[in-house]
Every structure is written in structure tokens, then in C-alpha cells.
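# Structural overview
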Amino acid sequence: MNQPPRKIKFLDPQQIWEIIDGIPKTTESGLLYKTLIVVLFSTGLRISEALSLKVGWLKFDLKETQELAITGKGGRPRPVYFSPDTLKMIKKYIDVRKKKSEDVFPIGVRAAQKYIKKWGDWAGFNGIHPHSFRHSFAVHVLSKSNNLRIVQELLGHRSPETTMIYTTLTNKVLEK
């Protein structure tokens with residue numbers, strides 16, 4: 001029996017910034033979620049991968065993009081790239097947080113899901129979850145590069161068929 005195609009929810013960069021801009025800047029929690037959303041969208045990490053990042057893995061003094069090897073779903077390693085701007089944002093958050101931890105984001109998956117949904121709803125984008133930023137990353141990279149193989153590698157998909165879902169979404173973006 002064939003399954004209906006999955007409904008993929010993604011946002012364009014402007015919509016992502018609308019969510020980020022709606023999160024309070026003055027609280028440690030606000031800075032955590034702003035930083036987490038930027039990391040999810042700019043790297044394509046799954047929420048579990050982002051929450052497993054360790055401070056010691058990152059080099060904050062770089063003027064160029066940092067490559068980090070992440071072991072993702074199914075034990076499959078892949079490269080993940082952190083831009084200097086993303087690293088600066090992570091460093092800023094780490095410097096101001098009160099709870100010192102080896103984890104970049106010392107929160108659980110459920111808390112991340114709850115607050116990302118909250119901030120997405122507040123910005124008018126109902127049904128947003130952490131994986132929406134991974135989808136958004138994939139659509140954005142594919143629309144810029146037009147190279148499915150690059151997206152497959154960045155997402156760590158074993159099969160190109162898994163990545164093919166984004167070609168339909170990219171066509172809709174191009175149509176606009």
C-alpha cells in the first residue's frame with residue numbers, strides 16, 4: 001500500500017528571522033532559542049544532533065567556516081559547517097549563560113520542541129517544529145546550488161531518494 005507523500009513544512013530565511021526577532025533578546029532563555037534556531041537552519045542538524053554539541057568541539061576564534069564531523073542517524077558520519085557568524089552567536093550565548101555546561105545547549109529535546117513551536121506560533125507560523133529548520137536548510141541549499149548530491153551529503157542521507165522530496169519543494173520556491 002502506497003503512503004501519501006509527507007507534508008514538509010519549511011520556511012524561507014525571512015520567515016525564520018521573523019521567528020528569531022520575536023524571541024525576547026534580554027533573557028538567557030531567549031538567547032538560547034535564538035541561537036538554537038540559527039544553528040538548526042544554518043547547519044541542517046537534527047535537534048538531537050544540535051543538543052549533543054559540546055563546547056569543546058567548536059573553535060570560536062576562526063575567521064572562516066568550521067567543519068565538524070557529526071555522527072548522525074544510523075551512525076552515519078557527515079560534515080557539518082558552522083559559519084563565523086553562527087560561531088559568534090554561539091559564543092555570545094555561552095558567555096552570558098549562568099549554567100556552565102559542556103553542552104552548547106543544556107536543554108532536552110522536549111523543551112526545544114515546546115519552545116520552538118511556541119515561538120513559531122507567536123510569529124504566525126503554526127506547526128513549526130525543530131525539524132522544520134532542517135527542511136528549510138535543505139530547500140535553501142538546493143535552491144541556491146541546484147545540486148541534490150550536495151544536499152544529500154549535508155543532510156547525511158544514505159539514499160538519494162530520501163533527499164528527492166526537496167526537489168518538489170524547491171520547484172515550488174522557484175515557481176514563486
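To be clear, the structure that these remarks concern was listed above.
Below or above, wherever it landed, is the structure these notes cover.

Calculation notes
- Residues numbered from 1 in each chain as written.
- Predicted model: local features only at pLDDT ≥ 70, side-chain atom pairs only at ≥ 80, totals over all residues.
- Heavy atoms only, no water.
- Phe/Tyr/Trp six-rings, centres within 6.5 Å; stacked < 30°, edge-to-face > 60°.
- Helix = DSSP H or I, 4+ residues; strand = E, 2+ residues; numbered from the N terminus.
- Buried < 20%, exposed > 50% of the residue type's maximum accessible area, 1.4 Å probe, protein only.
- Polar contact = N/O pair within 3.5 Å; in protein donor to acceptor, adjacent residues only side chain to side chain.
- Contact = heavy atoms within 4.5 Å.
- Axes fitted to C-alpha atoms, helices over the stretch in contact; angles between N-to-C directions.
- Parallel < 35°, antiparallel > 145°, perpendicular 65-115°, else oblique.
- Left-handed = near helix turned anticlockwise from the far one by under 90°.
- Nonpolar A, V, L, I, M, F, W, Y, C, P; charged D, E, K, R; others polar.
- Salt bridge = Lys/Arg side-chain N within 4 Å of Asp/Glu carboxyl O.

### Describing the packing of aromatic side chains
This model, assessed by the stated rule, comprises 2 aromatic pairs. Ring geometry for Y33 against Y115: centres 5.2 Å apart, planes inclined by 35°, an arrangement best described as tilted. With Y33 in helix α2 (residues 28-43) and Y115 in helix α5 (residues 109-122), the pair connects residues that are 82 residues apart, well separated along the chain. Judged by relative accessible area, Y33 falls into the buried class, the value being 4%.

### Examining the side chain of R134
Residue placement: R134 occurs in helix α6 (residues 130-145). Within the structure, the side chain of R134 is placed 2.7 Å from the backbone oxygen of L155, a separation counted as a polar contact. Residues in contact with R134, not counting those within four places in the same chain, are L40, G44, L45, R46, E49, R78, L155 and H157.

### Notes on the packing of α6 against helix α7 (residues 148-155)
Contact geometry for α6 and α7: axes closest at 9 Å, N-to-C directions at 150°. Taken together, the axis directions place α6 and α7 in an arrangement best described as roughly antiparallel. When the axes of α6 and α7 are compared, the crossing they make is right-handed. In this structure, α6 contributes R134, F137, A138, V141, L142 and S145 to the contact, and α7 contributes L148, I150, V151, L154 and L155. When grouped by side-chain class, the residues that make up the contact of α6 with α7 number 9 nonpolar, 1 polar and 1 charged.

### As for the pattern of salt bridges
Under the criterion given, the structure shown has 8 salt bridges. In this structure, the salt-bridge partner of R78 is E49, at a minimum N-O distance of 2.7 Å. Of this pair, R78 sits in strand β2 (residues 77-82) while E49 sits in helix α3 (residues 47-51), and the two are 29 residues apart along the sequence. We note a salt bridge from K117 to D121, for which the minimum N-O separation is 2.6 Å. A residue pair is termed a helical-turn pair when its members lie 3 or 4 positions apart in one helix, as K117 and D121 do in helix α5 at 4 residues. The exposure class of D121 is partly exposed, given its relative accessible area of 28%. Because the salt bridges share partners, they merge into one network encompassing R46, E49 and R78.

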